[in-house]
Amino acid sequence: MSKNRYNFNENEFEQIKKLLKELPKEKAADNFEYNLMVKINNGNFEKVRSGKDSFPLWKIFVPAAGIVTAVLLFFFLFNVTEENSENPFHIPPKLRTEISGNLTVPLEATKKVFGLNKITNQDVVIIESPKIDKKKAALPNTKIQKRHSRHQGMAALPFKLTNSTNLDVAVNSKKSMSRNNINNRATLAGMGNTSNSRFYGFYIGEEIDRKDVEAMKARIDSIKRIISLHKK
Amino acid sequence: MKKKLKELTDEELIKEFQENNTIEAYEILVNRFKDPLTNYVYRFLGEKDISTDIVQDTMIKFYLHKDSYKSFAKFSTWIYTIAGNLARNELKRRKRRVILSLNSNDDDTEKRNFQIEDKAFVSPDRYTDGEIKSKIIEKALQKLKPVYREVVILRDVQELSYEEIAKITNLSIGTVKSRINRGRKHLQKLLKNIYSG
C-alpha cells in the first residue's frame, strides 16, 4: 500500500481558496477581437512575444568577439612592423662558403679559363673557392709587425717612461722644439725630469699671446696699487 | 452554419479550423478563451496592458500554428500552455531589464473594479472592503515565487484540474500538488490578517 504524499488536506486552505475565487475576473478589452483580426489581416506578426527573439543567445558573444577582433588586429599590425625591423643580432651569420662559394659562370668563359671543352650546358662544374693563405692575408702589415717586434714591447716607445715627454716632439719628431718650452704644444704633466716624477695625466699647453700677458700684468699692477692706497 | 459552430466543442472547432480553415471557428475559440486567458495572465504578471498584448500574441500563435495542435490533448490545455510560456518569457524579460512599474497595480485595480458585475448590489462599505481585499490579495500573489504563483492561479483562480495544470506546466501531478500546497501556505502567511477578520 503506497502512501500518497501529495494528498494534503484541501480543507486546510479553504479560506485562501475562497479569497482567490472571490477575486474579480479580469476581462479582455472590448476591441480585443477587432485588434486581433486587424493584426492577422495585416500580417503584423512581428511583435509576437517570444523570449528567444527578445534576446538572442548570440548577442552574448558580441563583446567577446569585439575584443578578440581588436586583439588580433593589434597583433597583426604590430607583428608586421616587427618583421620589417628584424633584429640583426638574431640573424645567423652566413657561412663563408655561401658567400664565396659556387658561382654560376657563363659556359664559354668556363671553357676558356679551365680548358674544359667537353662540358655542355647541362653539366655542373664545381670550382672550389681559392683558399685564403693566412700568411698572404697578413702581408700588408708584415713590415709594421716586424718593426714593432724589433723593439719588443715597452722598449719600442719613443720616450722614457720615467721622464716627462713633449708629445709634439715625440709624435712629430721635431727636435727643434724645446722640451722645456711650456708655451709650445701639449706636454706631459710632471715636468720634473727626475726618475721619481709621477705621471698625473695630460694637459694642453696653449701658446699665450704676449699682449694678453702684458695686459694682465698691467691689471694686476693697478689692483696692487689700489690695495696699497687703501692700506695707507 | 454559425449556430452550428457555436454548439461545437473546443476540440471540434479547432478541427474545423485546421481542416477547412474556417475563420468563424477561430473567432468562436478566441471569444471563448480571451477572458479566461486575460484573467490568468493578468493574475500572473499583474499588469493589464502587457496581459492584453500577451493574450493577443497567444491568439496569433494559435492562428499561425494551428496545425501543431494534436487532437489527443484538450484545446484549453494547449492554449493555456502557449499563454503560460509567453507570460513566463515576459517575466524573464522583466528580470533582465529590471523594469519596476510602481503605479500599474493601483491603476489596474481601479479599472478592474468597474468590471465587477454585481457591484451595484453591494453596499458602499462592503464594496470598499472588497476593493481593499482584492488589492491585498493581488499584492500577496505577486509576492509569491512565479513557480508557485502560476499553479495557484491555475488551480484556485482558473479552477483547472491537477491533470490539466500538470500538462500546461509540463510537470508531474505530484510536483503540481506540492507547489500548490507551498504556494497556498505562503499566501496564508501573507494574508493572515485578511481571512482572520
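In this numbering scheme, every chain counts its residues from 1 along its sequence in written order. The naming scheme follows written order: chains are lettered A onward, ligands numbered 1 onward. Under the rules for a predicted model, residues below a pLDDT of 70 receive no local features and side-chain atom pairs below 80 are neither given nor counted, while totals for whole chains, interfaces and linings still include all residues. Only hydrogens and water are set aside; all other atoms, that is, all heavy atoms of the structure, feed into the side-chain values.

Along its length, chain B carries 11 helices and zero strands. A run of H or I in DSSP becomes a helix once it reaches four residues, and a run of E becomes a strand once it reaches two; helices and strands are each numbered from the N terminus. Moving toward the C terminus, one meets the helices and strands of chain B in the order α-α-α-α-α-α-α-α-α-α-α. For the exposure calls, accessible area comes from a 1.4 Å probe over protein chains only, and a residue counts as buried if that area is under 20% of its type's maximum, exposed if over 50%, partly exposed in between. For chain B, the residues scored as buried account for 48% of the 197 residues in total. Partitioning the intrachain contacts of chain B with sequence separation of at least 6 by distance along the chain shows that 64% fall at a separation of at least 24. A 1.4 Å probe and the Shrake-Rupley method give the accessible areas. Residues count as covered only by the protein chains that appear here. Roughly 10400 Å² of accessible area belongs to chain B as shown, and the carbon and sulfur atoms make up 50% of that amount. Here, two residues are considered to be in contact whenever any of their heavy atoms come within 4.5 Å of each other.

Moving on: the packing of aromatic side chains. All names here are of chain B. Between rings of Phe, Tyr and Trp, where Trp is taken as its six-membered ring, a pair exists when centres lie within 6.5 Å; planes separated by under 30 degrees are stacked, by over 60 edge-to-face, and by other angles tilted. Tallied over the full model, the rule gives 13 aromatic pairs over all chains. Plain terms: the ring middles of Y69 and F75 are 6.0 Å apart, the flat faces sit at 70 degrees to each other, and that makes the pair edge-to-face. Given the relative accessible area of 4%, Y69 is considered buried. The class of F75 is buried, set by a relative accessible area of 1%. An aromatic cluster is built from F17, Y26, F33, F62, Y63, Y69, F75 and W78, whose rings are joined through pairwise contacts.

Working note: α-helix, 3.6 residues per turn, so residues spaced by three or four point in the same direction. All names here are of chain A. When we look at burial in helix α2 (residues 32–42), the residues that qualify are F32, L36, M37 and I40. Looking straight down α2, one finds its buried side chains confined to an arc of 120 degrees; they lie on one side. Across from the buried face of α2, at angles greater than 90 degrees, the exposed residues are Y34, N41 and N42. Taken from the residues just after α2, G43 is the one with a positive phi, measuring 70 degrees. Note that the arc is computed from the directions linking the helix axis to the C-beta atoms.

Before going further, it helps to examine unusual backbone geometry. Residues and elements named next belong to chain B. A positive phi angle, near 60 degrees, is found at E159, a position not held by glycine. Residue position: E159 is located in the loop between α8 (146–157) and α9 (162–169). Judged by its relative accessible area of 48%, E159 is partly exposed. Phi is positive for N170, which is not a glycine, with a value near 60 degrees. Note that N170 resides in the loop between α9 and α10 (173–190). Here N170 falls in the exposed class, since its relative accessible area comes to 70%.

All names here are of chain A. pLDDT measures how confident the predictor is about each residue, on a scale from 0 to 100. In the predicted model, chain A carries a mean pLDDT of 68, and 39% of its residues have values of at least 70. Summarising per-element confidence for chain A, the mean pLDDT is lowest in helix α8 (residues 142–151) (47) and highest in helix α10 (residues 210–231) (90). Residue range residues 174–180 is modelled with pLDDT below 50. Its contacts to residues more than four positions away, or to other chains, number 10 contacts. Taken together, the stretch residues 182–190 has pLDDT below 50 and engages in 33 contacts with residues farther than four places along the chain or on a different chain.

The next subject is the confidence of the model for chain B. Residues and elements named next belong to chain B. On average, chain B scores 83 in pLDDT, and the residues at 70 or more come to 81%. Across residues 99–103 the pLDDT falls below 50, and counting only partners more than four positions away or on other chains, this stretch makes two contacts in the model. Every residue in residues 109–120 scores below 50 in pLDDT, and together they form 19 contacts with partners more than four places removed in sequence or on other chains.

Turning our eyes to something else, we now look at the interface of chain A and chain B. The interface of chain A with chain B comprises 33 residues on the first partner and 52 residues on the second. With both sides pooled, the region where chain A packs onto chain B buries about 4400 Å², and carbon together with sulfur makes up 61% of that total. The rule for a salt bridge is simple: a side-chain nitrogen of Lys or Arg has to be within 4 Å of a carboxyl oxygen of Asp or Glu. At the boundary of chain A and chain B, one finds two salt bridges. Notably, a salt bridge pairs K48(B) with E26(A), separated by 2.7 Å at the nearest N-O pair. We define a polar contact as two N or O atoms separated by no more than 3.5 Å, with the added condition that, inside protein, one atom must be a possible hydrogen donor and the other a possible acceptor, whereas residues neighbouring each other in sequence contribute only through side-chain atom pairs. Joining chain A to chain B, the criterion identifies nine residue pairs in polar contact (both at pLDDT 80 or more). Buried area adds together the accessible area that both of two parts lose upon being put together, with accessible area traced by a 1.4 Å probe.

For the rest of this paragraph, the subject is the packing of helix α1 (residues 14–22) of chain A against α10(B). For any two helices packed against each other, the geometry is given by the interaxial angle and the distance between the axes. All axes are obtained by fitting lines to C-alpha atoms, using only the stretch in contact for helices, and the reported angles, taken between N-to-C directions, cover 0 to 180 degrees. It is at 10 Å that the axes of α1(A) and α10(B) come closest, and there the two elements cross at 85 degrees. Judged by the inter-axis angle, α1(A) sits roughly perpendicular to α10(B). Residue-level inspection shows I16(A), K17(A) and L20(A) of α1(A) in contact with α10(B), the latter providing R184(B), L187(B) and Q188(B). Put simply, Ala, Val, Leu, Ile, Met, Phe, Trp, Tyr, Cys and Pro go in the nonpolar bin, Asp, Glu, Lys and Arg in the charged bin, and everything else, Gly too, in the polar bin. By residue class, the composition of the contact of α1(A) with α10(B) is three nonpolar, one polar and two charged. Roughly parallel refers to an angle under 35 degrees, roughly antiparallel to one over 145, roughly perpendicular to one between 65 and 115, and oblique to any angle outside these ranges.

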